[in-house]
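Now for the letters of each chain:
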Amino acid sequence: MSRQQHILRTLVELADTLVEDFDVIDFLHQMTVRCQELLEDTDAAVFLDHPGPRLHSVAPCDPGPGLQQVLEAACGQGPAADAHHTARLVTVQDPADSAARWPRFTPHLQRAGYLRATALPMRLRQDNIGSLLLLHTRDRPLDADDLALAQALADAATIGLIQARTIRQQHTVNEQLHTALQSRIVIEQAKGILAARHKITLNHAFDSLRRHARHHRILLSKVARDVIDDTDALSAPAPAPASGPAAASAPAPAPPKAGAADTET
């Protein structure tokens, strides 16, 4: 396979996240492998943003001891952190400059046998999700073509990760909507049963369901299912709340049992 074919195959591979069993760790580890194959004398690692001041290294999965120390240091200081925060390419040509800029990161880099480091942002429009760190064992900077290729790989991975995240969020929203619709159907059925059973209006039936659920601190949908199943729940609906002066002197309902949690609004 030619290098050009390898590049095209890699870009297609990184774009293929529309699968149900998409594995983020495997996906990012594969990306680091492709960087090693396409960019000579280079190790690669992916860092992703997470709540908190530090990045998190998620690939490679099983680095050697020297590389592991480099990655741990890079989470808080170094080109990976700078590329993420500035959303720009960060590369250092002079080792002395690296030591001055990142005094905690550079010693680990040098002890591990790396001569240079380059980092590229992983960003799509306003979504800045992390950075790609390239570690070089040869005292030769990446040329413009290799830098463009590295950024293309980072961009492809970024699009894949954001696409996978969007799909997961959509699945969650769909599940929540499905649950809400199902609960609504059950509550409407329970309202009809109560209204017919006790000769009351649908609004009064719903108020009775809601008061019972709140008083006993259980889900409204659970009360509705009990009514449909003809259990003892709401065998007699509570009267509608009084209005006017009489309401002020009405006794308060008994407090719920200690330790119960309100789960329905």
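Located above this text is the structure these notes cover.
**Student:** Help me get a handle on the overall build of the protein, residues and values and all.
**Tutor:** Of regular secondary structure, the protein possesses 10 helices and five strands. The burial tally for the protein puts 36% of its 265 residues in the buried class. Counting only contacts in the protein whose residues sit at least 6 apart along the sequence, the fraction spanning at least 24 positions is 63%. When the accessible surface of the protein is split by element, carbon and sulfur atoms take 54% of a total near 15,300 Å².

**Student:** Residue-level account of the pattern of salt bridges, with values.
**Tutor:** Side chains that differ in sign of charge can pair as their charged atoms come close. Tallying each qualifying case throughout the model produces six salt bridges. Arg 184 is the salt-bridge partner of Glu 188, the closest N and O atoms lying 2.9 Å from each other. Highlighted residues: Glu 188 and Arg 184, both in helix 7 (residues 144-198), separated by four residues, approximately one helical turn. A relative accessible area of 47% places Arg 184 in the partly exposed class.

**Student:** How would you summarise unusual backbone geometry if you had to cite specific residues and measurements?
**Tutor:** With a phi close to 55 degrees, Ala 87 is a non-glycine residue in the positive phi region. The exposure class of Ala 87 is buried, given its relative accessible area of 18%.

**Student:** Describe the environment of Leu 14, naming the residues involved and giving the relevant values.
**Tutor:** Secondary-structure assignment places Leu 14 in helix 1 (residues 3-15). Leu 14 gets classed as buried once you look at its relative accessible area, which sits at 2%. If near-sequence neighbours (up to four positions away) are discounted, Leu 14 is found in contact with Phe 27, Met 31, Leu 153, Ala 156, Ala 157 and Gly 160.

**Student:** How would you summarise the packing of aromatic side chains if you had to cite specific residues and measurements?
**Tutor:** On inspection of all chains with the given rule, the structure shows one aromatic pair. Relative to Phe 105, the ring of Trp 102 lies with its centre 6.2 Å away and its plane at 85 degrees, an arrangement referred to as edge-to-face. Phe 105 shares its class with Trp 102; the two are buried.

**Student:** Please give an account of the environment of Trp 102 that cites residues and values.
**Tutor:** Counting through the fold element by element, Trp 102 comes out in the loop between helix 5 (95-101) and helix 6 (106-111). Distance in space between the C-alpha atoms of Trp 102 and Gly 78 is 5.5 Å, their sequence separation being 24 residues.

**Student:** Please give an account of the pairing of strand 1 (residues 42-48) that cites residues and values.
**Tutor:** Among the seven residues that make up strand 1, six are buried, leaving the element largely enclosed by the rest of the structure. Both strand 1 and strand 5 (residues 127-136) contribute to a ladder of seven bridges, which runs antiparallel. Bridging from a neighbouring strand, Asp 43 pairs with Leu 135 of strand 5.

**Student:** Please provide a residue-by-residue account of the pairing of strand 5, values included.
**Tutor:** Burial runs high along strand 5: eight of the 10 residues are buried. Here strand 4 (residues 116-124) folds back onto strand 5 in antiparallel fashion, the turn holding two residues, of which Arg 125 has a positive phi close to 55 degrees.

Conventions we followed
- Within any chain, residue numbers begin from 1 and follow the written order of that chain's sequence.
- Per-residue local features of the predicted model are confined to residues with pLDDT of at least 70, and side-chain atom pairs are confined, for both listing and counting, to 80 or more; whole-chain, interface and lining totals are unaffected and use all residues.
- No hydrogens and no water enter the side-chain calculation; it runs on all heavy atoms of the structure.
- Numbering of helices and strands runs from the N terminus, with a helix taken as a DSSP run of H or I at least four residues long and a strand as a DSSP run of E at least two residues long.
- Three exposure classes are used, based on accessible area relative to the maximum for each residue type with a 1.4 Å probe and protein chains only: buried under 20%, partly exposed in between, and exposed over 50%.
- Contact definition: two residues touch when any of their heavy atoms are within 4.5 Å.
- We get accessible surface area from the Shrake-Rupley algorithm with a probe of 1.4 Å; when it comes to residues, only the shown protein chains can shield them.
- The salt bridge criterion pairs a side-chain nitrogen of Lys or Arg with a carboxyl oxygen of Asp or Glu, the two atoms within 4 Å.
- Aromatic contacts are taken between Phe, Tyr and Trp rings whose centres are within 6.5 Å, Trp giving its six-membered ring; a plane angle under 30 degrees counts as stacked, one over 60 as edge-to-face, and the others as tilted.
- DSSP-based pairing: two strands are paired if at least 2 bridges between them are found.

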